Amino acid sequence: MPAYKRILLKLSGEALMGDDAFGINRATIVRMVEEIAEVTRLGVQVAIVIGGGNIFRGVAGGSVGMDRATADYMGMLATVMNSLALADTMDKAGLIARVMSAIAIEQVVEPYVRPKALQYLEEGKVVVFAAGTGNPFFTTDTAAALRGAEIGAEIVLKATKVDGVYSADPNKDPTATRYASITFDEAMQKNLQVMDATAFALCRDQKLPVKVFSIFKPGALRNVVMGLDEGTLVHV
């Protein structure tokens, strides 16, 4: 039995690059969708927020000296592109996906409307939330926390390159240990960079737990959903 009925999965745009310098690596996105499909077959309702770093990184040099709000809007549009790629890959894998954007682009994707999103989830569709919160100065981490709270997700799953939250950078410190679980307050005291501060505060205030795990580890998403010892649980 899955430990959760409804989850909010936060994917970084960089995760879609695979070993490429930027853009979307086809094999990587197909493998990710297979992991997501496995979870939906367990009866878990899945909503996704995806970042735009893989695309925005390619134009980041040109954004130096650019107005922050303008650069943020460019990043939001990058997440729409990623969301479309993700939804298309899901459709080909036999999943039904719906992209909902916080910025109105009706010709491309439907706008985010909370009751509609809830309806899609109840129907077993995967909902991909694009364009972050629709506002500059907020990250896609914050969008994940916000949408997770709005749709009544039981947990936010933050998919990263590392398999949890460590006491130090495991790449630099061989003595670094992985926390199986840690409270929001402990993570803040230890200054562990789990999410950005706004997202972190929102999850803590809404008592919305966060699980940090590696999306590159095969089967890790399923293990998390089944409640097994995978990654790090950040809780109140």
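Residues numbered from 1 in each chain as written. Predicted model: local features only at pLDDT ≥ 70, side-chain atom pairs only at ≥ 80, totals over all residues. Heavy atoms only, no water.

Looking at the side chain of Thr89
Okay, step 1: Within the element layout of this structure, Thr89 appears in helix α3 (residues 68–92).
Okay, step 2: According to the relative accessible area criterion, Thr89 is buried, its value standing at 4%.
Okay, step 3: Engagement of the side chain of Thr89 in a polar contact is seen with the backbone oxygen of Ala85, the distance being 2.8 Å. (Helix = DSSP H or I, 4+ residues; strand = E, 2+ residues; numbered from the N terminus. Buried < 20%, exposed > 50% of the residue type's maximum accessible area, 1.4 Å probe, protein only. Polar contact = N/O pair within 3.5 Å; in protein donor to acceptor, adjacent residues only side chain to side chain.)

A closer look at the packing of aromatic side chains
Okay, step 1: Under the definition given, this model contains two aromatic pairs.
Okay, step 2: Where Tyr112 meets Phe129, the ring centres are 5.4 Å apart and the plane angle is 90 degrees; that geometry is what we call edge-to-face. Here Tyr112 is found in the loop between β4 (110–111) and α4 (114–122), whereas its partner Phe129 is found in strand β5 (residues 126–130), with 17 residues between them in sequence.
Okay, step 3: Given a relative accessible area of 17%, Tyr112 falls into the buried group.
Okay, step 4: In this structure Phe129 comes out as buried when scored by relative accessible area, which is 2%. (Phe/Tyr/Trp six-rings, centres within 6.5 Å; stacked < 30°, edge-to-face > 60°.)

A short note on the packing of helix α5 (residues 140–150) against helix α7 (residues 197–205)
Okay, step 1: At their nearest, the axes of α5 and α7 sit 7 Å apart, and the two run at 15 degrees to each other. If you check the angle between α5 and α7, you find them roughly parallel. Judged by the twist between their axes, the crossing of α5 over α7 is left-handed. Together, Asp141, Thr142, Ala145 and Leu146 of α5 and Thr198, Ala199, Leu202 and Cys203 of α7 make up the contact between the two elements.
Okay, step 2: Grouping the amino acids of the contact of α5 with α7 by side-chain chemistry returns five nonpolar, two polar and one charged. (Axes fitted to C-alpha atoms, helices over the stretch in contact; angles between N-to-C directions. Parallel < 35°, antiparallel > 145°, perpendicular 65-115°, else oblique. Left-handed = near helix turned anticlockwise from the far one by under 90°. Contact = heavy atoms within 4.5 Å. Nonpolar A, V, L, I, M, F, W, Y, C, P; charged D, E, K, R; others polar.)

Points about α3
Okay, step 1: Over its 25 residues, α3 runs 37 Å from end to end, which matches the ideal 36 Å to within 8%, given 1.5 Å per residue.
Okay, step 2: Between the side-chain oxygen of the N-cap and the backbone nitrogen of Ala69 there are 3.2 Å, and the N-cap of α3 in question is Asp67.
Okay, step 3: Just downstream of α3, Gly94 is the residue with a positive phi angle, here 90 degrees. (Expected span 1.5 Å × (residues − 1).)

As for the sheet that holds strand β7 (residues 181–183)
Okay, step 1: Strand order in the open sheet made by the nine strands is β4-β3-β5-β2-β1-β6-β8-β9-β7, with mixed pairing throughout. Unpaired on one side and paired on the other, β4 and β7 mark the two borders of the sheet.
Okay, step 2: Sheet contacts for helix α1 (residues 26–41): β1 (6–11), β2 (45–50) and β5; angle to β2, the most-contacted strand, approximately 150 degrees.
Okay, step 3: Against the sheet, α5 engages β1, β2, β5 and β6 (155–160), with an angle of about 175 degrees to β1. (Pairing = 2+ DSSP bridges.)

Here's the deal with unusual backbone geometry
Okay, step 1: A positive phi angle, near 65 degrees, is found at Ala131, a position not held by glycine.
Okay, step 2: Relative to the assigned elements, Ala131 resides in the loop between β5 and α5.
Okay, step 3: With relative accessibility at 0%, the residue Ala131 sits in the buried group.
Okay, step 4: The phi angle at Asn191 is positive, at roughly 55 degrees, despite the residue not being glycine.
Okay, step 5: Relative to the helices and strands, Asn191 resides in the loop between α6 (184–189) and α7.

A look at the pairing of β1
Okay, step 1: Here β1 lies mainly inside the structure; six of its six residues are buried.
Okay, step 2: Of the two faces of β1, the one holding Arg6, Leu8 and Lys10 and the one holding Ile7, Leu9 and Leu11 are both buried throughout.
Okay, step 3: Here six bridges tie β1 to β2, and the two strands are oriented parallel to one another. Bridged to Arg6 within β2 is Gln45.
Okay, step 4: The parallel pair β1 and β2, bridged by α1, forms a crossover whose chirality is right-handed.
Okay, step 5: Inspection of the sheet shows β1 paired to β6 by four bridges, in the parallel sense. Within β6, the residue paired with Ile7 across the bridge is Ile155. (Right-handed = clockwise from strand over helix to strand, strands pointing away.)

Brief notes about the environment of Val236
Okay, step 1: Looking at the element boundaries, Val236 is found in the segment after β9 (232–235).
Okay, step 2: For Val236, a relative accessible area of 57% gives the class exposed.
Okay, step 3: Distance from Val236 to Met76, taken between C-alpha atoms, is 30 Å for residues 160 residues apart in sequence.
Okay, step 4: Here Val236 is in contact with Thr183, Phe184, Arg204 and Lys207, once residues within four sequence places are set aside.

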